[in-house]
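# Structural description and commentary
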Amino acid sequence: MRLLKTALVAGALAVLSATTIASAYAQETKIGFIVKQPEEPWFQDEWKFADQAAKEKGFTLVKIGAEDGEKLMSAIDNLGAQGAQGFIVCTPDVKLGPGIVAKAAANNLKLMTVDDRLVSADGKPIEEVPHMGISATKIGEAVGQAIVDEMKARGWKAEEVGAIRVSYDQLPTAVDRVEGAISVLKANGFKAENIFDAPQAKTDTEAALNAATVVLNKNANIKKWVAFGLNDEAVLGAVRASEGVGIAADGIIGVGIGGADSAINEFKKPAATGFIGSVIISPKRHGYETALNMYEWVANNQEPEKLILTAGALAKRDDFEKVRAELGIE
Ligand code: FCA
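Residues numbered from 1 in each chain as written. Predicted model: local features only at pLDDT ≥ 70, side-chain atom pairs only at ≥ 80, totals over all residues. Heavy atoms only, no water.

### Overview of the site of the ligand
- Neighbouring residues of the ligand: Lys 36, Glu 40, Trp 42, Phe 43, Cys 90, Asp 115, Asp 116, Arg 177, Leu 230, Asn 231 and Ile 281.
- Contact between the ligand and Lys 36: an oxygen atom at 2.9 Å from a side-chain N or O atom of the residue.
- Here an oxygen atom of the ligand and a side-chain polar atom of Arg 177 are 2.9 Å apart.
- Within the complex, 99% of the 290 Å² of free accessible area of the ligand lies under protein.
- Taken together, the residues of the shell around the ligand sort by class into five nonpolar, one polar and five charged. (Near = heavy atom within 4 Å. Polar contact = N/O pair within 3.5 Å; in protein donor to acceptor, adjacent residues only side chain to side chain. Areas by Shrake-Rupley, 256 points an atom, 1.4 Å probe, with all protein chains shown as cover. Nonpolar A, V, L, I, M, F, W, Y, C, P; charged D, E, K, R; others polar.)

Quick look at the structure:
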């Protein structure tokens with residue numbers, strides 16, 4: 001009897017310690033999510049959806065903003081020191097690629113990238129790091145098509161219109177996006193000399209406003225404008241610049257990429273502005289799914305796919321709520 005009791009107690013203890021170990025392990029899974037521009041609504045949304053994955057799976061998500069390379073490198077060391085097992089990053093500079101890979105390895109951290117893909121010294125993508133980005137060229141083409149459609153609706157002729165290419169050419173996805181838009185404009189009669197580069201120093205609205213203002217002032221003879229760029233902030237900057245030089249909403253057509261609060265707030269304004277649409281991309285896929293994939297990699301040794309490119313859907317003032325709901329990002 002006593003023997004039996006002892007055996008039962010020992011068995012119960014074994015079960016207990018096994019579950020304790022399992023739950024302690026689950027609690028200890030720690031994943032970093034580093035973004036280059038934490039104040040941008042897109043990245044806020046990515047974090048929000050990554051948090052959802054953390055809640056569902058019971059891991060700790062460490063959100064860090066890193067606006068430059070120095071901050072990024074110390075953030076990675078910090079994650080290592082905290083005992084994290086992996087992180088997802090949208091880097092402030094894709095050329096830091098080899099340094100990021102080395103830093104992650106030195107800290108024994110699994111590494112995935114989101115939005116902006118790392119490049120090596122020769123400028124080629126670092127293919128061994130799992131990446132989720134947007135299908136940049138296609139999304140750019142959707143922007144170009146939306147612009148062309150609106151030009152037709154307004155009865156504009158390509159030869160009387162100037163195009164502002166708000167550019168950030170050190171970032172390959174930014175080049176693909178604007179070049180996608182340009183290919184459609186050209187296919188619809190736009191001449192190369194009517195497309196003006198407005199290089200922004202940073203990927204925010206203020207930098208785009210400054211860059212676009214220069215183009216508008218230099219070409220004051222042109223009265224009708226279209227604008228496109230890397231994201232909603234870039235295009236909003238161009239639209240604000242046009243307002244600044246006295247062009248009315250019916251004199252400019254801007255179409256962005258993103259569809260987060262920057263675009264939504266614009267669509268909600270009582271009067272329509274020149275920002276007529278945005279190709280909405282999915283922060284849910286880029287936040288929730290990447291976080292989940294990293295968790296599966298850390299906890300269950302399930303390696304993520306090396307490359308996933310997500311799609312976008314055009315939304316305008318009158319249908320953005322519907323498009324967001326269809327994408328499951330409400
Ligand atoms: C880049 C841009 C962001 C967002 C993301 C998907 O990181 O800077 O605004 O468009 O790609």
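From this point, things continue past the structure.
### Concerning the pattern of salt bridges
- Under the definition given, this model contains 16 salt bridges.
- Notably, a salt bridge pairs Arg 154 with Glu 150, separated by 2.8 Å at the nearest N-O pair. Placement of the pair is Arg 154 and Glu 150 together in helix α5 (residues 136-154), with a separation of four residues, close to one helical turn.
- Here Lys 306 makes a salt bridge to Glu 303, at a shortest N to O gap of 3.4 Å.
- Looking at Glu 303, the relative accessible area reads 53%, which means it is exposed.
- Residues joined in a network through salt bridges with shared partners are Arg 165, Asp 169, Glu 179 and Asp 197. (Salt bridge = Lys/Arg side-chain N within 4 Å of Asp/Glu carboxyl O. Helix = DSSP H or I, 4+ residues; strand = E, 2+ residues; numbered from the N terminus. Buried < 20%, exposed > 50% of the residue type's maximum accessible area, 1.4 Å probe, protein only.)

### Digging into the side chain of Thr 290
- The residue Thr 290 is located in helix α10 (residues 283-300) in this model.
- Residue classification places Thr 290 among the buried residues on the basis of a relative accessible area of 1%.
- Of the polar contacts made by the side chain of Thr 290, one reaches the backbone oxygen of His 286; its length is 2.6 Å.
- Side-chain polar atoms of Thr 290 contact the backbone oxygen of Gly 287, separated by 3.2 Å.
- With near-sequence residues (within four places) excluded, Thr 290 lies in contact with Phe 33, Ile 88, Met 112, Val 114, Met 132 and Arg 285. (Contact = heavy atoms within 4.5 Å.)

### Side note on the packing of aromatic side chains
- This model, assessed by the stated rule, comprises four aromatic pairs.
- Between Phe 59 and Tyr 295, the aromatic rings sit 5.2 Å apart at their centres with planes inclined by 15°, giving stacked as the arrangement. On the criterion of sequence distance, the pair formed by Phe 59 in the loop between α2 (41-57) and β2 (60-65) and Tyr 295 in helix α10 is long-range, its members being 236 residues apart. Across the pair, exposure class does not vary: Phe 59 and Tyr 295 are buried alike.
- Aromatic rings pair up to connect Phe 267, Phe 275 and Phe 320 into one cluster. (Phe/Tyr/Trp six-rings, centres within 6.5 Å; stacked < 30°, edge-to-face > 60°.)

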